[in-house]
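Examination of the molecular architecture
So the chains spell out like this:
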Amino acid sequence: MRSSIRARLAAAAATIGLILAGLSPSLAPVAGAEHLILRAGTDQDIQVLNPWNSVVVADFEVFTLNYDLLVNFGQDLEPVPGFAESWEQDGTTWTFHTRPGMLWSDGEPATSADVVYTFQLILDAVDTDYGCLGQCYLDGYLLNAGVVSVEATDETTVVIETEFENTLLLQSYVPILPEHLWSARTLEEIGNHEGVEPFLNEPPVVGTGPYQAVEFEPGNFVRFARNPNDWRDEQGAPDEIVIQHFGSIDTAVQALKTGEIDYVRGVLADQFTDLADEPDIQTVEGIANGYTELSFNTGGNSEGYGGSTAALSDVAFRDALGYAIDQDALVEATLGGYGAPGTTIIPPFHTRWHVEPDNPRTFDLAEADRRLTAAGYVLDAEGRRLDKSGAPINLRLTWPDSEEENATNAQFIVEWFDGLGIAVDAAVTEEGALIDAVTGPPNGPGDYDIYMWGWVGDPDPTSLLNFFRSEEIGFSSDSFYSNPHYDELFLAQRAESDEATRKGILAEMQNLVYDEAPYIILYYDAELHAYRTDRFGGWTNQPSEGGTPLFGYGSFGYTKLTDLTAVPTAEPSVAAPSAGATPAPSGSGSGTGSTDSTVLIVGIAALVAIIAVGLLAMRRRGTRAEEE
């Protein structure tokens, strides 16, 4: 998932002035006093209810409230009952059992046929000209697990065959959909294909999740009501949930302070410190299962790509610029110290799989200059860096408007690159427009030079590896990186059951991407969240070590909430945050080492640490891993 998990810039006085003047964004309607409403704030743009169009962490949060996954995530990201209540594996054959008598929120039976319908949508989409559904973030969960067939042998039994033995199926971020409603729509409508009327999945949404979307104002809020047919023994205290979009995180934090909302994801670094002293507010610092990167358009200005110079396609050029970025400085200036300098594409959250690069770069402008010159990018008499055609290199740098802290990163990058004779034109881009721009051919223009965003991953790192595959160009790939050896390694790692062998493969993949630099990982940014402790208790971090209560992996955190307004208590039940703690393995039992504890998502986040959401990836960006 694409992440928006980041710590943000200091609050603007003008924004606070608007808040005090009563001009904050309009909040969702308030229900009757008998209803207990949980309100959560995010600066991510909430635009979709059709899960196939999910990109950012907030999108993943929405669809996992509406729907169950085949297998849900527990507190420490272990597999727990979802749409299926039990399962077993025999080599490449999986058998899942749904619970007898389960109902959709509209009262219709929820059966194994719904699983077959949902999974077959993905398998059928592969054979179309487009090759996937919607934004193409969810399809990879089944395809990377090697799913080749799915069959319902009776109303409560699903048999799934995979190409190779693995446990990735237990981490599939694919919502199970009601066949009796969705089957009336064509694959093209569901997948939002060009030239057809898209299926928006407007409220009231029908699902088996704990809450159902009953009101939606795109770009503003989603309101959920409790599912009357929820199968869970443990249900959260909120009668309703509202996920509210804020134009800036500053406004959201002010709303938290005044009690207008109960939870904020993606708090600014300086505000995070200040909130620690606020009454009835708890802050929590989650460990990032994702990162923020500077992505290069490796297609350059070749046919089908909109880059401004062929230099972007040159590994030597990208590698040299890696020496012109001081990640330590960005962590301090942009994140306020809430994060760690970035290196490889599997974040340290994945303690079993992350490796540091064999040949690390250090911040050294002189070395960057030396490498650029050696690679044929010389300076002219006016001090301008020239590409190999003799044209001055002028790069366009952008980032999404939901990631405002990247404006600080941009100031540093502009200055550093200018010291090398490379001019940089830095400007923010609306989130949706940027998603379109960074989609490569044949489905998009690949129209950018360099840009900053982030990803949030899943309990297994596969989603964070997926978008560097050659076949993802035009889909989840935003750097358009292509390396046949990387593609081979990706297929090998997902089917490898021996942990030591798989780690060796993953180490090679991490070093390959680091050395060829389609991404420069700027930092692993912490998930900074905050919530009120005077109305709800039972806030429970997911994962328990280094996680956050909400915007993580599914609906788990919502089901744990208790009502503090019903019975007076001396002390609210608050899950203690563990800032900077090392995540412990979650014990999912995955033969691929799927849990390390931390898409992404941003994301995700934790997924959420993006949001966690984060995940092929909750952009999050999300395939795909979630964009932050």
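Residues numbered from 1 in each chain as written. Predicted model: local features only at pLDDT ≥ 70, side-chain atom pairs only at ≥ 80, totals over all residues. Heavy atoms only, no water.

Here we look at the pairing of strand E4 (residues 84-90)
With six bridges joining them, E4 and strand E5 (residues 93-98) adopt antiparallel strand pairing. Pairing of Ser86 across the sheet is with His97, part of E5. (Pairing = 2+ DSSP bridges. Helix = DSSP H or I, 4+ residues; strand = E, 2+ residues; numbered from the N terminus.)

What to know about the packing of aromatic side chains
According to the stated counting rule, one finds 32 aromatic pairs in the structure shown. Ring geometry for Phe63 against Tyr173: centres 6.1 Å apart, planes inclined by 75°, an arrangement best described as edge-to-face. Residue Phe63 is located in helix H2 (residues 57-66), and its partner Tyr173 is located in the loop between strand E7 (157-162) and helix H5 (179-182); the two are separated by 110 residues in the primary sequence. For Tyr173, a relative accessible area of 0% gives the class buried. Every member of this aromatic cluster is reached through a ring pair, and the members are Tyr137, Tyr291, Trp455, Phe467, Phe468, Tyr481, Tyr486 and Tyr519. Positioned above the aromatic ring of Trp231, the side-chain terminus of Arg99 is 3.6 Å from the ring centre. Against the face of Trp353 rests Arg502, its NZ or CZ located 4.9 Å from the ring centre. (Phe/Tyr/Trp six-rings, centres within 6.5 Å; stacked < 30°, edge-to-face > 60°. Buried < 20%, exposed > 50% of the residue type's maximum accessible area, 1.4 Å probe, protein only. Lys NZ or Arg CZ within 6 Å of the ring centre and 35° of its normal.)

Side note on the nonpolar core
Counting residues in hydrophobic clusters, the biggest one holds 110 residues, and the most contacted among them are Trp52, Phe96, Ile160 and Tyr291. At eight residues, the largest contribution of residues to this core is made by helix H3 (residues 112-126). Look past the residues within four positions of Ile160 in its chain and what remains in contact with it is Leu70, Thr92, Thr93, Trp94, Phe96, Phe119, Val147, Ser149, Val150 and Leu169. By size, the runner-up hydrophobic cluster in this structure holds 34 residues, among which are Leu294, Ala320, Val331 and Ala368. (Core = buried A, V, L, I, M, F, W, Y, C linked by side-chain atoms within 4.5 Å. Contact = heavy atoms within 4.5 Å.)

Concerning helix H15 (residues 484-494)
Given 3.6 residues to a turn, an α-helix orients residues that are three or four positions apart in the same direction. Residues of H15 that are buried: Tyr486, Asp487, Leu489, Phe490, Gln493 and Arg494. The arc enclosing the buried residues of H15, seen along the axis, measures out at 165°, which places them on a common side. Opposite the packed face of H15, turned more than 90 degrees from it, sit the exposed residues Pro484 and Glu488. Buried residues in H15 make contact with helix H4 (139-143), helix H14 (462-466) and helix H16 (499-516). The backbone nitrogen of His485 has a side-chain oxygen 2.9 Å away, supplied by the residue at the start of H15, namely Asn483. (Arc of directions from axis to C-beta. Polar contact = N/O pair within 3.5 Å; in protein donor to acceptor, adjacent residues only side chain to side chain.)

Some words on the sheet that holds strand E18 (residues 519-525)
Strand-to-strand pairing in sheets goes through backbone hydrogen bonds, with the strands running parallel or antiparallel. Overall, mixed pairing links the six strands, which are arranged E14-E18-E13-E17-E15-E16 in an open sheet. Sheet topology places strand E14 (339-341) and strand E16 (423-429) at the edges, where each strand pairs with a single neighbour. Strand-to-strand twist in this sheet, taken as the mean axis angle between neighbours without regard to direction, amounts to 25°. Two strands pair when backbone bridges link them, and strand E15 (residues 394-400) and E16 are joined in this way by seven bridges, in the parallel orientation. The partner of Leu397 across the bridge, within E16, is Ala426. Packed onto the sheet, helix H10 (residues 327-335) meets E14 and E18 and runs at close to 45° relative to E18. Helix H12 (residues 406-418) contacts strand E13 (290-296), E15, E16, strand E17 (450-456) and E18 of the sheet and is inclined by roughly 170° relative to E15. (Axes fitted to C-alpha atoms, helices over the stretch in contact; angles between N-to-C directions.)

Thoughts on the environment of Leu38
Looking at the element boundaries, Leu38 is found in strand E1 (residues 37-42). Classification of Leu38 as buried rests on a relative accessible area of 0%. Leu38 sits 498 residues away from Phe536 along the chain, and the two C-alpha atoms are 8.2 Å apart. Discounting chain neighbours no more than four positions away, the residues touching Leu38 are Pro238, Glu240, Ile241, Val242, Asp262, Phe536, Trp539, Leu550, Tyr558 and Leu561.

A word on the state of the cysteines
Under the definition given, this model contains one disulfide. Disulfide partner of Cys132: Cys136, at an S-S distance of 1.7 Å. Judged by its relative accessible area of 4%, Cys132 is buried. On the basis of relative accessible area, Cys136 is assigned to the buried category, the value being 6%. (Disulfide = S-S within 2.5 Å.)

Regarding the packing of H15 against H16
The N-to-C vectors of H15 and H16 enclose an angle of 150°; their axes lie 10 Å apart at closest approach. When the axis of H15 is compared with that of H16, the two are roughly antiparallel. You can see that H15 and H16 cross each other, and the crossing is left-handed. Between H15, through His485, Tyr486, Leu489, Phe490, Ala492 and Gln493, and H16, the contact on the second element is made entirely by Arg502, Ile505, Leu506, Glu508, Met509, Leu512 and Val513. For the contact of H15 with H16, the per-class residue count stands at nine nonpolar, two polar and two charged. (Parallel < 35°, antiparallel > 145°, perpendicular 65-115°, else oblique. Left-handed = near helix turned anticlockwise from the far one by under 90°. Nonpolar A, V, L, I, M, F, W, Y, C, P; charged D, E, K, R; others polar.)

Describing the pattern of salt bridges
Counted by the stated rule, this structure contains 21 salt bridges. The shortest N-O distance in the salt bridge between Glu240 and Arg223 comes to 3.1 Å. Here Glu240, found in strand E10 (residues 240-245), pairs with Arg223, found in strand E9 (residues 221-226); they are 17 residues apart in sequence, far enough to count as distant. Arg223 gets classed as buried once you look at its relative accessible area, which sits at 18%. In this structure, the salt-bridge partner of Arg385 is Asp369, at a minimum N-O distance of 2.6 Å. Placement of Arg385 in the loop between helix H11 (365-374) and E15 and of Asp369 in helix H11 is noted, with a sequence separation of 16 residues between them. (Salt bridge = Lys/Arg side-chain N within 4 Å of Asp/Glu carboxyl O.)

What about the side chain of Ser477?
Mapped onto the secondary structure, Ser477 falls in the loop between H14 and H15. At 2.9 Å, the side chain of Ser477 and the backbone nitrogen of Phe480 are in polar contact. Apart from residues lying up to four places away in sequence, Ser477 is in contact with Val438, Gly440, Phe467 and Glu472.

Re the sheet that holds E4
Strand order in the open sheet formed by four strands is E4-E5-E7-E6, and the pairing between neighbours is antiparallel. Of all strands in the sheet, those with a lone pairing partner are E4 and strand E6 (147-154), marking the two edges. Taking each pair of neighbouring strands and ignoring which way they run, the sheet shows an average axis angle of 20°. Relative to E7, E5 is paired through five bridges, and the arrangement is antiparallel. When the bridges of E7 are listed, Thr95 appears paired with Val159.

Structural notes on unusual backbone geometry
A cis amide bond links Pro441 with the next residue in sequence, Pro442, at an omega value of 10°. In the segment running from Gln542 into Pro543, the intervening peptide bond is cis, with an omega of -5°. Relative to the elements of secondary structure, Pro543 occurs in the loop between strand E20 (536-537) and helix H17 (556-559). Backbone geometry places Asn192, a non-glycine residue, at a positive phi of 60°.

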